[in-house]
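# Architecture at a glance
Here's the letter readout for the chains.
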Amino acid sequence: MEWFVNIVSGLCLVIGSLFAVIGGLGVLRLPDFYTRMHGAGITDTMGAGLILVGLMFQGGFSLVTVKLLMILCVLLTTSPTASHALAKSALHFGLEPRVVEKEAGS
Amino acid sequence: MKHSLALGTTLFGVWLLWSGHYTPLLIGCGLVSCLLVVLLSRRMEILDEETAPVHLGLRPFIYYAPWLVKEIVLANIDVAWRILQPRMPIQPTIVRVKASQQGEIGRVIFANSITLTPGTVSIDMEGDIITVHALTREAAEFEESGEMDRRVTKLEVPD
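All values derive from a computational prediction rather than experimental measurement.

Here the focus is the overall build of chain A. For chain A, the count of helices and strands is three helices and one strand. Going from the N terminus to the C terminus, chain A shows its helices and strands as α-α-α-β. In terms of overall dimensions, chain A is more spread out than a globule: its C-alpha atoms have a radius of gyration of 18 Å, far above the 13 Å expected for 106 residues. Referenced to the eigenvectors of the C-alpha coordinate spread, the extents of chain A come out at roughly 55 × 25 × 25 Å. Residues counted as buried form 30% of the 106 residues belonging to chain A.

A count of helical and extended segments in chain B gives six helices and three strands. Helices and strands appear in chain B in the N-to-C order α-α-α-β-α-β-β-α-α. In terms of overall dimensions, chain B is more spread out than a globule: its C-alpha atoms have a radius of gyration of 20 Å, far above the 15 Å expected for 159 residues. C-alpha atoms of chain B, sized along the principal axes, occupy 65 × 35 × 30 Å. Put simply, chain B has 159 residues, and 32% of those count as buried. In chain B, the share of contacts with a sequence separation of at least 24, taken over all contacts with a separation of at least 6, comes to 67%.

Split by domain assignment, chain B resolves into domain 1 (2-44) and domain 2 (56-156). Relative placement of domain 1 of chain B and domain 2 of chain B: their C-alpha centres are 35 Å apart.

A few words on the environment of A:His38. Summarising the element assignment, A:His38 is placed in helix α2 (residues 33-59). Using a count of 30 C-beta atoms within 10 Å as the deciding quantity, one classes A:His38 as buried. Here the alpha-carbon distance between A:His38 and A:Ser83, two residues 45 residues apart in the chain, equals 9.6 Å. Sequence-distant contacts of A:His38, defined by excluding residues within four places in its chain, comprise A:Gly26, A:Leu30, B:Val79, B:Pro118, B:Gly119, B:Val121 and B:Leu135.

Residue and element names in this part refer to chain A. Close contact between α2 and helix α3 (residues 63-93) brings their axes to 9 Å; oriented N to C, the two are set at 175 degrees. Our classification of the angle between α2 and α3 gives roughly antiparallel. Where α2 approaches α3, its residues Phe33, Tyr34, Met37, Gly41, Asp44, Ala48, Gly49, Leu52, Leu55, Met56 and Gly59 are matched on the opposing element by Val64, Thr65, Leu68, Leu69, Ile71, Leu72, Leu75, Ser79, Ser83, Ala87 and Ala90. The residue makeup of the contact of α2 with α3, split by class, is 15 nonpolar, six polar and one charged.

This next bit is on the interface of chain A and chain B. On the chain B side, the residues contacting the 34 residues of chain A number 29 residues. Those elements that provide at least two residues to the side of chain A that touches chain B are α1 (2-29), α2, α3 and β1 (101-102) of chain A. A per-element tally of the side of chain A that touches chain B places α3(A) first, with 12 residues. Of the residues that constitute the side of chain A that touches chain B, the class distribution is 16 nonpolar, 11 polar and seven charged.

Summary statistics for chain A give a mean pLDDT of 89 and a share of 94% for residues scoring 70 or more. Mean pLDDT in chain A bottoms out at β1(A), which sits at 56, and peaks at α1(A), which reaches 94.

This part covers the environment of B:Pro66. Residues and elements named next belong to chain B. Inspection of the secondary structure puts proline 66 in helix α3 (residues 59-84). Exposure remark for proline 66: the 10 C-beta atoms within 10 Å place this residue in the exposed category. In sequence terms proline 66 and isoleucine 114 are 48 residues apart; their C-alpha atoms lie 15 Å from each other.

When you line up the elements, A:Ile7 lands in helix α1. Along the sequence, A:Ile7 and A:Gly54 sit 47 residues apart, while their C-alpha atoms lie 9.6 Å from each other.

Thresholds, definitions, all that
- Residues numbered from 1 in each chain as written.
- Chains lettered and ligands numbered in written order.
- Predicted model: local features only at pLDDT ≥ 70, side-chain atom pairs only at ≥ 80, totals over all residues.
- Helix = DSSP H or I, 4+ residues; strand = E, 2+ residues; numbered from the N terminus.
- Rg over C-alpha atoms; globule rule 2.2 N^0.38 Å.
- Buried ≥ 20, exposed ≤ 12 C-beta atoms within 10 Å, placed from the backbone.
- Contact = placed C-beta atoms within 7 Å.
- Domains from an automatic or database assignment.
- Axes fitted to C-alpha atoms, helices over the stretch in contact; angles between N-to-C directions.
- Parallel < 35°, antiparallel > 145°, perpendicular 65-115°, else oblique.
- Nonpolar A, V, L, I, M, F, W, Y, C, P; charged D, E, K, R; others polar.
- pLDDT = per-residue confidence, 0-100.

Now the structure itself:
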């Protein structure tokens, strides 16, 4: 049983790290400020999430896992709030998002 | 009163989970500090349904969170795949979405869910109209379909 938990935990850690790297790659490759935020979003959700889940498997049923779960909750509530504040201030400062088409009525 | 009770029990639960030392002295310290926080919040008159959203109950965790996690994972894989392709097939789009939630907490949950899903970021909010920047046309269409909006609204009013 222990080897199985270790494999699942290791998989989560590796895939999570992979997504964190892809998010960083996205920040480098995407063309403008607003699209780059989407790249950073990958690191925030899938990257951090899977790494924390992988660590929870290592923690087992203990207080450590509860604390990791709380870290995940804090991350998942604060990171979109920060992203929104960042995007909103950029928009109000006058940075125009580059778009392919404007929807009718906007 | 129900907000004080909710805040007090939550605070004490968090204390118990974080300390891990269950001696009378430390539990007593926890009780005293939780009570002090509740009393201070009452005196500051910041204890309302915003600081202790008891009216939502456990519904966000039972009905909404699993669906949101599924959507986040799917969106993550989609955006990651697009970033990795040499041509990067993205169509940045701006759409305006109506938030049909009554309370502020509901709208915050909705706007944060939009931002949390990779491929869509809520960049502005005026009244009940949220401006969403989407990385792809599909992501923009998903927000326009209003499924997320309906699910968040359902959290406020149980059917």
